[in-house]
Amino acid sequence: MRISVLTSAAAAAALAMVALAALVSATPTRAEESEAALGRAIYAKANCVGCHKWHGGGGGGYGGAALSLRKTQLDRDQIIMTVTCGRPGAGMPSFLRGVYDDDAKEHPCYGFSQKDLTGDNHVVEAGVFLRPNEIAAVADYVLAHIKGRGDPTLEECLAFFGDKSRVCDIYEPKQSHKMPTPTTVN
Amino acid sequence: MKADKLYLRLLAGAALTCLVSGVAYAEGGPAAEKPQTVKSPDVTSQRLDNADKEMAEGNWITHHGDLQGHRFSPLDQINKDTVKNLHVAWTMALGGIEGGGIWTHGGLEGTPLAENGYLYVTDGWGSVYKIDARGGKGTLIWKMDPKTDHDWAGAVACCGVDNRGAALYKDLVISHTLDGRLIATDKETGQVKWQRQVANPDKGEVVTGAPLIVKNMAITGVAGGEYGIRGWIAATDLDTQKEVWRTYTIPSKGEPGIETWKGNVNAEVAGGGATWVTGTFEPSTNTIYWGVGNPGPDWDNAFRPGDNLYTDSTLALDADTGKIKWHFQQTPNDPYDFDSVSENVIVDVDGKKLVLHANRNGIGYAMNRADGKFEWAVPFVKQLTWTKGINPQTGKPVEYDPKKDVQGYNIAPHRGQPFADFCPGNMGGKNWPPTAYNPDLKLWYIPVIESCNRVTIAPEKAIPAKSREFFTGGGPSQPVRITGSLTAIDATTGKVAGKYETRFPDLGGVLATKDLVFSSEPNGEVYALDAKTLQKLWSFNTGGGVNAPPITFEVDGKQYVAILVGMGGAWDKWFIDATPELKTMQPGSMLYVFGL
């Protein structure tokens, strides 16, 4: 009996923990929200959206086809490596300043220095460089909010853009909107 | 004081409280004390029909200067003898530099308008600025900010945060926004009178071109050929704000031309055929000439077997109904992204009534205005590899085979060989920056991108399940350096008359005067050439990337040249690797005005 009570108590506690865990995962903590906001801000600042789109789905375009971050198999270290080094011969830029400098002590990116980046090994340099901790933060953002997701959703779109733009309308077709109100200064 | 004479002539008999010069000017600049403004007369359709004559009086009242698309001014104070003394008269910092959607910043591609001493310019997000240019300085009179939805529009703008200028109608300034609105602003107060949603970014449609005023209508073209749209040209009655007609560039089922889309490719949903460059108008025949862009998907032409009408075509439209009078397709079943959007310049040469069109495919075409009959073609680029030439009878590429569903031409990427290098590259031998035509010399000046690039096919299986997604069937890369030129074509012979080569592509467009040609390079240089010899006579480096066309105007009896400076558009995002030195150019937003 006692055992049974204990078992029941343990089961209840376990259930409560599972429920709590579910609640925690459904309701992001302030720290998680802050981390997501930071990652999202870097994702926007570095113009990842320019090719991979806000939702990470990538696809064809004037800059060439960007791979889908939603379907990526890369792990954290591989994402950090790809953002840091870019992809030789492809459109993905390198985001860490000086990473291919010829006179650097180490050549962490494929063992290449600037002189190796000719022809098919050309690497595009990013318009905005990131610090190593920013690269880690954007990798964590991709892992937590993009990788493994299915089709983009209204909630994801609103989390990215907020509700001041009509950019998320295609996920919410019945919403009616007014045109913006122009302003004049004179 | 020619502008004043015109003003008095136009307003003779009208009851007006007007006034006048003799105003004490403060120092110029946006925040300067405002001079007393002088009410400008209504811009009537009669004035627009005679816009070329107003240019002699110092005005520039429609996008291409005149309805014919000449961008030719007879003003001659600045000429080949005096141009060496040309210098900055004043500048003004504008706005619109912020990013949105997939874009980190906006840029300036607009053609300024000039009327009776006032300039009307736009920035990339569609703000309109009225600037008093009297007294040798610039003073901001008003700025109308349309509060464009940056992310909604910027996420489906293939090629930059762009707005190519405004239009004038009666007492209104008519303008577009990237998020698809047509806006009428009171010319005197800057207050918005009305606005109308004419394009829908939910479908991937945006608007970058300037409106063309035809009679009482604003003609709007749409952009979005990379986002699986169905292109159109629309006419809005500016007095009732109602749509008069909308002509789709892709036929629907049962209409002529749909047979050129074989297989079930949903062309009437996502066939492309955008119309993003402002056209021309011939009042005497009531005909609008307008170019149509690439089919969708851009590069995977096996997805859309057939000629794909009316993509990559010049259209002649009845101005009252929008009905297509004739078409001429330059690149059937296009595998290159060779839009035919460029303006069709109305010229009369040796008794022939022609339109001239500098296509992205590197070839300049002359077509008969009455029926679209092909007259002649001439390559205006140094390297042209995609075709071995144009059939002199048909005007089609010599490799074109109407029996084939999928064209390969001389060289093209295709599903069996998914990448290919071809010249000119996909930005074209000439993109949107406008040509100019000197009717005295019969010389036609083309701003050229001397280029090759590589396109890699990524076959499409179906049109996108959701709108607002790229639908290109692959993408370009830039393995070789790109340069530029300003190339002159003799319209009487259809031959190249001269080429001024430049280190960078011409991304701005051309202005012609009696004995000069003005243009620019994206490294900041604005320059003037001798109109006959193309010898450089003057240049000035603005310090900002130039990708907007120059105009000239006169005020207080003095001639000026105006140009917007602020790198935007597609180049610094998608094509910068072909011009690596331009990576150092910073975003900016400035109006430069030069005088003697």
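Draft legend 1. Focus on the sheet that holds strand β23 (residues 419-422) of chain B. Residues and elements named next belong to chain B. What the three strands build is an open sheet, ordered β23-β26-β27; its pairing is antiparallel. In this open sheet, the two edge strands, each paired with only one partner strand, are β23 and β27 (474-477). Recorded for the sheet is a direction-independent mean angle of 25° between the axes of neighbouring strands. As judged from the four bridges shared by β23 and strand β26 (residues 453-457), these two strands associate in the antiparallel manner. Bridging across to β26, F422 finds its partner in N453.

Draft legend 2. Local environment of the packing of helix α2 (residues 30-45) of chain A against helix α5 (residues 132-145) of chain A. All names here are of chain A. Orientation of α2 relative to α5, taken along the N-to-C sense of each, is 110°, at an axis distance of 8 Å. Put simply, α2 runs roughly perpendicular to α5. In this structure, α2 contributes A36, L38, G39, R40, I42, Y43 and K45 to the contact, and α5 contributes E134, A137, V138, Y141, V142 and H145.

Draft legend 3. Broad picture of the nonpolar core. Grouped together as the largest cluster of nonpolar side chains are 125 residues, with contacts concentrated most on I131, I174, F518, F553 and W571 of chain B. In terms of residue count, the dominant contributor to this core is strand β35 (residues 558-565) of chain B (six residues). If near-sequence neighbours (up to four positions away) are discounted, W571 of chain B is found in contact with M427, I449, I482, P505, L507, I576, T579 and L582 of chain B. Counting 29 residues, the second-largest nonpolar core is a separate cluster that includes M92, I135, L154 and C157 of chain A.

Draft legend 4. View of the state of the cysteines. All names here are of chain A. In the structure shown here, the tally under the stated rule is four disulfides over all chains. Two residues, C85 and C109, share a disulfide whose sulfurs are 2.1 Å apart. Taking the sign of the S-S torsion, -75° for the link of C85 and C109, the bridge is left-handed. Of this pair, C85 sits in helix α4 (residues 76-85) while C109 sits in the loop between α4 and α5, placing them 24 residues apart in sequence. Given the relative accessible area of 0%, C109 is considered buried. When the bonded cysteines of chain B are numbered from the N-terminus onward, they pair as 1-2, 3-4. What links to what in chain A: the bonded cysteines, counted in sequence order, pair as 1-2, 3-4. Just so you know, C48 is unpaired, no disulfide at all, and the nearest cysteine sulfur is the one on C51, 9.2 Å from it.

Draft legend 5. Summary view of the pairing of strand β20 (residues 352-358) of chain B. All names here are of chain B. Most of β20 is tucked away, with five of its seven residues classed as buried. Strand direction decides the pairing type here: strand β19 (residues 345-349) and β20, joined by five bridges, are antiparallel. Bridge pairing in β20 links D348 to K353. Linkage of β19 to β20, two consecutive antiparallel strands, is achieved through a turn of two residues, within which D350 is found at a positive phi near 50°. Note that β20 and strand β21 (residues 363-368) share five bridges and pair antiparallel. Counted as the bridge partner of L356 is A366 from β21. Hairpin connection between β20 and β21: a loop of four residues separates the two successive antiparallel strands, and G362 in this loop has a positive phi of roughly 90°.

Draft legend 6. Spatial organisation of the pattern of salt bridges. All names here are of chain B. Applying the stated criterion across every chain, the model contains 40 salt bridges over all chains. The salt bridge involving K514 is made with D76; its shortest N-O contact spans 3.9 Å. Residue K514 is found in the loop between β30 (511-513) and β31 (516-520), and its partner D76 is found in the loop between β1 (72-73) and β2 (87-93); the two are separated by 438 residues along the sequence. Measuring nitrogen to oxygen at the nearest pair gives 2.8 Å for the salt bridge that ties R369 to D348.

Draft legend 7. Just the packing of aromatic side chains, in detail. Inspection of every chain in the model, using the stated rule, returns 28 aromatic pairs over all chains. Between W103 of chain B and W574 of chain B, the aromatic rings sit 6.1 Å apart at their centres with planes inclined by 80°, giving edge-to-face as the arrangement. One end of the pair, W103 of chain B, is in the loop between β2 and β3 (113-115); the other, W574 of chain B, is in helix α6 (residues 571-575), and 471 residues separate them in sequence. Under the relative-accessibility criterion, W574 of chain B is labelled buried at 7%. One aromatic cluster is present, formed by Y43, W54, Y141, F160, F161 and Y171 of chain A through successive ring pairs. The ring of W432 of chain B carries R164 of chain B above its face, with NZ or CZ at 4.9 Å from the centroid. Stacked on the ring of W103 of chain B, the Lys or Arg K573 of chain B has its end atom at 5.3 Å from the ring centre.

Draft legend 8. Structural detail: the confidence of the model for chain B. Residue and element names in this part refer to chain B. For chain B, mean pLDDT is 94; residues scoring 70 or higher make up 95% of the total. Confidence over residues 1-26 falls short of pLDDT 50; this stretch has 35 contacts with residues more than four positions distant or in other chains. Across the assembled chains, the prediction reports ipTM 0.87 with pTM 0.90.

Draft legend 9. A look at the interface of chain A and chain B. In this assembly, 29 residues from chain A lie in contact with 45 residues from chain B. Taken together, both faces of the contact between chain A and chain B bury some 3100 Å²; the carbon and sulfur share is 57%. The largest per-residue losses of area from chain A upon contact with chain B belong to Y62, I170 and M179 of chain A, which jointly make up 27% of the total buried on that side. Counting across the interface, chain A meets chain B through one salt bridge. Applying the counting criterion to the chain A and chain B interface returns 11 residue pairs in polar contact (both at pLDDT 80 or more). Within the residue set of the side of chain A that touches chain B, elements represented by two or more residues are α3 (49-52) and β1 (183-185) of chain A. Grouping the constituent residues of the side of chain A that touches chain B by class yields 12 nonpolar, 13 polar and four charged.

Conventions we followed
Chains are numbered independently. Their residues run from 1 in the order of the written sequence. Written order decides the labels, with chains lettered from A and ligands numbered from 1. pLDDT decides what is reported in this predicted model: residues at 70 or higher carry local features, side-chain atom pairs at 80 or more are listed and counted, and totals for whole chains, interfaces and linings draw on all residues regardless. Heavy atoms from the whole structure form the basis of all side-chain values; hydrogens and water molecules are not counted. Here the rule is simple: two strands pair whenever DSSP picks up at least two bridges between them. In this text, helices come from DSSP runs of H or I with a minimum length of four residues, and strands from runs of E with a minimum of two, each type numbered from the N-terminal end. To obtain each axis, a line is fitted to C-alpha atoms, and for helices this fit is confined to the stretch in contact; angles are then taken between N-to-C directions over 0 to 180 degrees. Small angles under 35 degrees read as roughly parallel and large ones over 145 as roughly antiparallel, with 65 to 115 read as roughly perpendicular and the rest as oblique. Whether two residues are in contact is decided by their heavy atoms, any of which lying within 4.5 Å being enough. Nonpolar core, defined: a set of buried Ala, Val, Leu, Ile, Met, Phe, Trp, Tyr and Cys residues in which side-chain atoms within 4.5 Å join the residues together. Residue burial is assigned from relative accessible area. The probe radius is 1.4 Å, only protein chains are included, and a residue is buried under 20% of its type maximum, exposed over 50%, and partly exposed in between. Put simply, a disulfide is two cysteine sulfurs that come within 2.5 Å. Salt bridge, as used here: a side-chain nitrogen of Lys or Arg that lies within 4 Å of a carboxyl oxygen of Asp or Glu. Aromatic contacts are taken between Phe, Tyr and Trp rings whose centres are within 6.5 Å, Trp giving its six-membered ring; a plane angle under 30 degrees counts as stacked, one over 60 as edge-to-face, and the others as tilted. Geometrically, a lysine NZ or arginine CZ counts as sitting over a ring once it is within 6 Å of the ring centre and also within 35 degrees of the ring normal. One confidence number per residue, pLDDT, is output by the predictor and ranges from 0 to 100. Joining two parts hides part of their accessible area as seen by a 1.4 Å probe, and the buried area is that hidden amount summed over both. Pairs of N or O atoms are called polar contacts if they sit within 3.5 Å, as long as, within protein, a hydrogen donor faces a hydrogen acceptor (for residues adjacent in sequence, only side-chain-to-side-chain pairs). Basically, the charged four are Asp, Glu, Lys and Arg, the nonpolar ten are Ala, Val, Leu, Ile, Met, Phe, Trp, Tyr, Cys and Pro, and anything else, Gly included, counts as polar.

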